[in-house]
Amino acid sequence: MKEKLYTIPLNDAVAAGDECPLCFAERKIEQDALDFTLGNSSSYMEQDIRAMTDREGFCRRHFKQMFDYGNALGSAWILSTHLRAVRRELEAEIAAHRTEGKKTSAEGAAGLFRKLRSRTEETGGAPVGRRDSVAAWTAAREKSCFVCRQIENTKKRYVETFFYLWQKDPEFRRKIEEGKGFCIPHFGDLCEAAQRCLDEAEREEFYRAVFRLMQDNLARLTGDVDWMIEKFDYQNADKDWKNSRDALQRGMQKLKGGYPADAPHRMKK
Ligand SMILES: [Zn+2]
Ligand SMILES: [Zn+2]
């Protein structure tokens, strides 16, 4: 069974006991994806990999991580051909934009209305009005990232592994139920996946357990953050920090996922 492959890293993530086991697993997935993209294996010099990075590009978050990674030459190779690919796309987009502009004025109001309606249907009925074709292209580019895609694919299988263990391994379930819960985004991923991974009775049981877990742990974190504020009062200067010393990064993680206090992931020399 494919999901079984991830039982060990997922159990490790749960054993780490931090604010979200899926964040813990995702950090490793992201670091592996970055190592694969820019690391010592030099996969970026392989034609098929470069064809993918040329086409997909990277999001702002992963460009920043690539910048910090410390392989300037590797990044430059990737950028050099990706920039060329983007220029080719832009050329085609500009040509299409010109043709579309001419068509719109020739067709007049009826044509414009048709276009407006079809674009609204494309967005599932959202009232966006007429979308500029070049703006639509930049928006699609914005969503596309070679590293994000690798992370998404692996993350999906981690979530399936989670439900596999939740059903088959009472010890795993106990650890989750006694753990610190999840960050809000990963909590959402689990609630979503429960729809396809569990039957109705199991789902009810799962929701009952995780809803309570999330309520309790958000309350715990609120207490940690509040005590951090109290600690700034000179009257509390000598009092114990309790669990509040790192409440800021844990609170941010709980709300949005990730590790704000992490140092950048760098290339191993
Ligand atoms: Zn998380
Ligand atoms: Zn990305």
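Before any of the text, the structure's been laid out above.
A. Expanded view of the overall build of the protein chain. Scanning the protein chain from terminus to terminus reveals 11 helices and 0 strands. Taken from N to C terminus, the helices and strands of the protein chain fall in the order α-α-α-α-α-α-α-α-α-α-α. Looking at the protein chain residue by residue over its 269 residues, the buried ones come to 38%. A fraction of 73% describes how many contacts in the protein chain between residues 6 or more apart in sequence connect residues 24 or more apart. Carbon and sulfur atoms provide 56% of the accessible area of the protein chain, an area that totals close to 16,400 Å².

B. How the structure looks around a nonpolar patch on the surface. Taken together, the side chains of Met45, Leu73 and Trp77 define a hydrophobic patch exposed on the protein surface, amounting to about 340 Å² of accessible area. Here Met45 falls in the partly exposed class, since its relative accessible area comes to 46%.

C. Representation of the pattern of salt bridges in the model. Counting across every chain of the model gives 21 salt bridges. In this structure, Lys28 engages Asp32 in a salt bridge whose closest nitrogen and oxygen atoms are separated by 3.0 Å. With a gap of 4 residues between them, Lys28 and Asp32 both fall in helix 2 (residues 21-38), about one helical turn apart. Here Glu205 and Arg173 are joined by a salt bridge, their closest N and O atoms 2.8 Å apart. Of this pair, Glu205 sits in helix 10 (residues 200-231) while Arg173 is found in helix 8 (residues 170-177), placing the two residues 32 residues apart along the sequence. What makes Glu205 partly exposed here is its relative accessible area of 38%. Residue classification places Arg173 among the buried residues on the basis of a relative accessible area of 19%. It is possible to trace a salt-bridge network through shared partners that takes in Glu19, Arg220, Asp224, Asp246, Arg250 and Lys254.

D. Looking closely at the coordination of the zinc ion (ligand 2). For the zinc ion (ligand 2), the full set of protein donor atoms is Cys59 (SG), His62 (ND1), Cys145 (SG) and Cys148 (SG), at a range of 2.0 to 2.3 Å. The coordination sphere of the zinc ion (ligand 2) comprises 4 donor atoms, whose angles at the metal cover 100 to 114°; the geometry is tetrahedral. Coordination of the zinc ion (ligand 2) draws on donor residues from a single chain, spaced C-x2-H-x82-C-x2-C in sequence. Taken as a pair, His62 in helix 4 (residues 60-69) and Cys145 in the loop between helix 6 (133-143) and helix 7 (146-168) lie far apart in primary sequence, 83 residues in all. On the basis of relative accessible area, His62 is assigned to the buried category, the value being 1%. In this structure Cys145 comes out as buried when scored by relative accessible area, which is 4%.

E. Region of the structure containing the coordination of the zinc ion (ligand 1). Donor atoms from the polypeptide that coordinate the zinc ion (ligand 1) comprise Cys20 (SG), Cys23 (SG), Cys183 (SG) and His186 (ND1), at 2.0 to 2.3 Å from the metal. For the zinc ion (ligand 1), the 4 donor atoms are set out with angles of 97 to 115° between them, so the coordination reads as tetrahedral. Each donor residue of the zinc ion (ligand 1) lies on one chain, and together they are spaced C-x2-C-x159-C-x2-H. Residue Cys23 is found in helix 2, and its partner His186 is found in helix 9 (residues 184-197); the two are separated by 163 residues along the sequence. Grouping residues by exposure puts Cys23 and His186 together as buried.

Calculation rules
Residues numbered from 1 in each chain as written. Chains lettered and ligands numbered in written order. Predicted model: local features only at pLDDT ≥ 70, side-chain atom pairs only at ≥ 80, totals over all residues. Heavy atoms only, no water. Helix = DSSP H or I, 4+ residues; strand = E, 2+ residues; numbered from the N terminus. Buried < 20%, exposed > 50% of the residue type's maximum accessible area, 1.4 Å probe, protein only. Contact = heavy atoms within 4.5 Å. Areas by Shrake-Rupley, 256 points an atom, 1.4 Å probe, with all protein chains shown as cover. Patch = residues over 30% accessible without salt bridge, like charges linked within 9 Å, V, L, I, M, F, W, Y side chains within 5 Å. Salt bridge = Lys/Arg side-chain N within 4 Å of Asp/Glu carboxyl O. Donors = N, O, S within 2.8 Å, 3.2 Å for Na, K, Ca; no water. Tetrahedral: all angles 85-135°; square planar, octahedral: opposite > 155°, others 65-115°.

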